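Summary of the model geometry
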Amino acid sequence: MNFWEKLPRPFFILAPMHEVTDTAFRQIVCFYKKPDVLMTEFVSADGLCHPSSQKRIINYYLKFSQKERPIVAQIWGASPQVIFQASKIIASLGFDGIDINMGCPDKKVVKNGGGAALILKPKLARELILAAKEGGGGLPVSVKTRLGFNKNIVEKWVKELVKAKPVAITLHGRLQKENYQTPADWESIAKAAKIVKKEKIIIIGNGDVKDISDARKKAFQYGVDGVMIGRGVLGNPWFFDEKKYLILTKDKERMKREKLKIALKHALLFEKTFKEIKPFCHLRKHLAAYISDFAGAKEIRLKLMGAQNATEVKKIISFYLKR
Ligand SMILES: Cc1cc2nc3c(=O)[nH]c(=O)nc-3n(C[C@H](O)[C@H](O)[C@H](O)COP(=O)(O)O)c2cc1C
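All residue numbers refer to position in the chain's written sequence, counted from 1. Reporting in this predicted model follows two pLDDT cut-offs: at least 70 for local features of residues, and 80 or more for side-chain atom pairs to be given and counted; totals over whole chains, interfaces and linings ignore these cut-offs and use all residues.

**So, the site of the ligand**
- Proximity of a residue to a molecule or strand is defined by its backbone-placed C-beta atom lying within 6 Å of that partner. What surrounds the ligand is a group of 21 residues, the closest being Ala 15, Met 17, Phe 42, Gly 230 and Arg 231.
- Broken down by class, the residue content of the shell around the ligand amounts to eight nonpolar, nine polar and four charged. Three classes are used, and their members are as follows: Ala, Val, Leu, Ile, Met, Phe, Trp, Tyr, Cys and Pro are nonpolar, Asp, Glu, Lys and Arg are charged, and the others, Gly among them, are polar.

**Some remarks on unusual backbone geometry**
- The omega angle of the peptide bond from Arg 9 to Pro 10 is -10°, so this bond is cis rather than trans.
- Where helices and strands are cited, they refer to DSSP runs of H or I of at least four residues and of E of at least two residues respectively, numbered from the N terminus. Along the chain, Pro 10 turns up in the segment before β1 (11-14).
- For Glu 19, which is not a glycine, the phi torsion comes out positive at approximately 65°.
- With respect to the helices and strands, Glu 19 occurs in the loop between β1 and α1 (23-32).
- Working definition of burial: number of other C-beta atoms within 10 Å of the residue's own, with buried at 20 or more, exposed at 12 or fewer, and partly exposed in between, all C-beta atoms being placed from the backbone. A tally of 11 C-beta atoms within 10 Å means that Glu 19 is categorised as exposed.
- With phi around 65°, Glu 276 is a residue other than glycine that occupies positive phi space.
- Along the polypeptide, Glu 276 turns up in the loop between α11 (252-274) and α12 (284-290).

**Some details on the pairing of strand β3 (residues 71-76)**
- Here β3 lies mainly inside the structure; six of its six residues are buried.
- The pairing of strand β2 (residues 37-44) with β3 spans five bridges and is classified as parallel. Within the sheet, the bridge partner assigned to Val 43 lies in β3 and is Ile 75.
- In this scheme, strands are said to pair when DSSP sees at least two bridges between them. Summarising the sheet, β3 and strand β4 (residues 97-102) pair through four bridges and their orientation is parallel. Looking across to β4, one finds that Ile 75 is bridged to Ile 100.

**A look at the domain arrangement of the chain**
- Once the domains are mapped, the chain shows domain 1 (3-240) and domain 2 (251-322).
- Computed over C-alpha atoms only, the centres of domain 1 and domain 2 are separated by 29 Å.
- By the convention adopted here, residues are in contact when the distance between their C-beta atoms, placed from the backbone, does not exceed 7 Å. Between domain 1 and domain 2, the contact holds 13 residues from the first and 15 residues from the second.
- Looking at the side of domain 1 that touches domain 2, the element that brings in the most residues is α1, giving five residues. In this entry, domain limits derive from an automatic or database-based domain assignment.

Given below as structure tokens:
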């Protein structure tokens, strides 16, 4: 039995977000309440297999701690041979699952035949799933994708995917060409959910979820087994901790202090985890996300944007915490 089969219903997943959901951030999220499943940011299968970039990719993107389990590594690529090799590496690193990205709209990824481009190549998409299963040596293989490339073909698309029997399919309710201005189409996710569930494959909905109560409602209303959340967790690492979320939302002063404290904790953890691997400036997007939506946030944020290390962050934050 793999971990997917033991999950509660509905279950909640932290979405993969490139240059956002590294192990430091995921551990900060787990510090409040661990989501049922965590995923790494996506990595290029080609890059992971190439001797010149392999070490950097592993250290930069594929680090994880035991408390993040079950943790799934997400890869993208367009060659079954390379996906096979990459899956072997992922299995050797001790991950609990492999997810193949078939939804990334990024031009560079699509041009290389990966991400959302696979929606137009269902046969190849299936070959990639089978290659990952073989390379992963028994690790469960899931897919994260969208409703279509230029037009919504989700029912046809998932019928193609289920033939290769991935353990789970996550559907982000948008097309490749749509950005976040178009609302996620959960009605289409619901239509696909019916097809996927008939095949006894797990279906996960994704897009525009505001909080856990919204996630629960959507799971029920649209008939998905689990819900994946991305942007809502940035600056809100207590997202999965409903109790904390409610307390903080009602008490602005407490929220401000919590944000300052967690920004510092994150900075210290980031430095400890990635010293000499990732430049400290990578943390800025997190600091900016924490230090917002309260009176005086701008002043603190501006100071933090100039901080070069965790010691400087500590100096700035301690000053404001004492006031
Ligand atoms: C900064 C950023 C990076 C992302 N990187 C990835 C990625 O590496 N892999 C992936 O499958 N999706 C990626 N996504 C898409 C998210 O996983 C998710 O599908 C999307 O944000 C919709 O969910 P949300 O409305 O809860 O944010 C990324 C999204 C954002 C905003």
